[in-house]
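Structural features, examined
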Amino acid sequence: MPADKKSKILRIVGYVLAALALGWVLHDFHIVQAMRELARVDWKWVLVGMGFDVLSYGAQALRWKWLLHPFGKVKLTHAIRAVFAGLFANLIFPLRPGELLRSYLISNSEDITLGKVFGSVGVERLVDLVIATASLGVVSLLVPLPNRFRKVADTLGIVTLVLLAIVVVVIYYLEVKLAQNPEFGLGPRKLPGRLMSALLGLHSMGTAVSFYPAVLASLFLPGFQVLGLWAMMKAYGLKLPDNGQELPFLAAIVVLLVINLGVSLPNAPANVGSYQFFCVLGLSVFSIDKTTATSFSIFAFLALTIPFIFLGFFGLVRSGLTLRTIRSTVKSLPSEARGRTAPGAA
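The following refers to the structure shown. Starting afresh in each chain, residues are numbered from 1 along the sequence in its written order. Only residues with pLDDT of at least 70 get local features here, since the model is predicted, and only at 80 or more are side-chain atom pairs given and counted; chain-wide, interface and lining totals rely on the full set of residues. In computing side-chain properties, one takes all heavy atoms of the structure into account and sets aside hydrogens as well as water.

**Observations concerning the nonpolar core**
Residues belong to a common nonpolar core when they are buried Ala, Val, Leu, Ile, Met, Phe, Trp, Tyr or Cys residues joined through side-chain atoms within 4.5 Å. Here's how the labels work: a residue is buried when its accessible area is under 20% of the maximum for its type, exposed when over 50%, partly exposed in between, all with a 1.4 Å probe on protein chains only. Judged by nonpolar contacts, the single largest core of 45 residues is most densely connected at Met-233, Leu-247, Val-255, Tyr-275, Leu-283, Phe-286 and Phe-296. The set of elements that each furnish at least two residues to this core consists of α6 (114-142), α7 (147-180), α9 (211-236), α10 (249-262), α11 (274-284) and α12 (290-318). Helix and strand labels come from DSSP, where a helix needs a run of H or I of at least four residues and a strand needs a run of E of at least two; each type is numbered from the N terminus. For this core, the element with the highest residue contribution is α10, accounting for 9 residues. The criterion used for residue contact is that any of the two residues' heavy atoms lie within 4.5 Å. Discounting chain neighbours no more than four positions away, the residues touching Val-255 are Leu-229, Met-233, Cys-279, Gly-282, Leu-283 and Phe-286. Within the second largest apolar cluster, 37 residues are counted, among which are Ala-82, Leu-87, Phe-93 and Ile-112.

If you want it as structure tokens, here you go:
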């Protein structure tokens, strides 16, 4: 199937799913109740939540800088602007092209091959998956989760352990082979160029000293996001229906995990629809009224998205792109990535 046709089908599927999600979320929504709740919002906590959410992506940029350290000295300011530019692309385009765009920008600015940059993004996703799975496992011991969530947690745990085991075995295998023969993979029976480049890149990142601070920074990323969402819950005044007390901090962890797992797949621009759906789903664990959960999901989405409209646009401009050129750049990235990661390119 041609790439353009496949991309079009994925976009249509994403928009349809977003529309269905929004339809479910807004079903039986009581706007008068929502407006009454919105009038009681504590805007000081909103600003605190925005600040923590912005800090989380600063932590992501710092982690990325350390992951790429084996391939070159990446400037933190360049990593930050690439991350924010990628976030801006995700806000205005479907299918989350921001990962491609930020990789393209850092590859150009730091003179690191696109294949190695893509590899670092893959390592980021794996580390995030491990942290999310571990967090979900710990939370499931402290919060009585519904059976459907426990099944998801068990499945995710098994998948994560398998992927992590494969990565560890590959890194160890390469470490042994390269110690015995520095030309491993380059002889008459050499591996395909793209595969060998990806494996060597993975080995370089996994065995570098900078990998350990990168993992440490990975803990701050979801940590700041949880604090940001928790601040939004306090700002909105979400309370447990059975005793009238504010939602505990663990609730922010549960809801964020559900949201992040739900929006991890490509979908509509800015995760519209899917964010609200999974936020309401996460709040249902704590028996929050659906109208309250829906209005909070819309409120939190807007409050946490607005800063990145401005920061992302600024990062985009600082990277040398404009709104006029970003669309053509995003469309050309998949084919350009294939060309620049061809055998010999890395």
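More follows now that the structure is in view.
**Considering the side chain of Thr-291**
Looking at the element boundaries, Thr-291 is found in helix α12. The exposure class assigned to Thr-291 is buried, which follows from its relative accessible area of 4%. Side-chain atoms alone can form a polar contact between residues adjacent in sequence; in general such a contact is a pair of N or O atoms within 3.5 Å, and within protein one must be able to donate a hydrogen while the other accepts it. One polar contact links the side chain of Thr-291 to the main-chain amide nitrogen of His-30, over a distance of 3.5 Å. Beyond its immediate sequence surroundings of up to four residues, Thr-291 is in contact with Asp-28, Phe-29, His-30 and Gln-33.

Geometric values such as these leave the question of function open.
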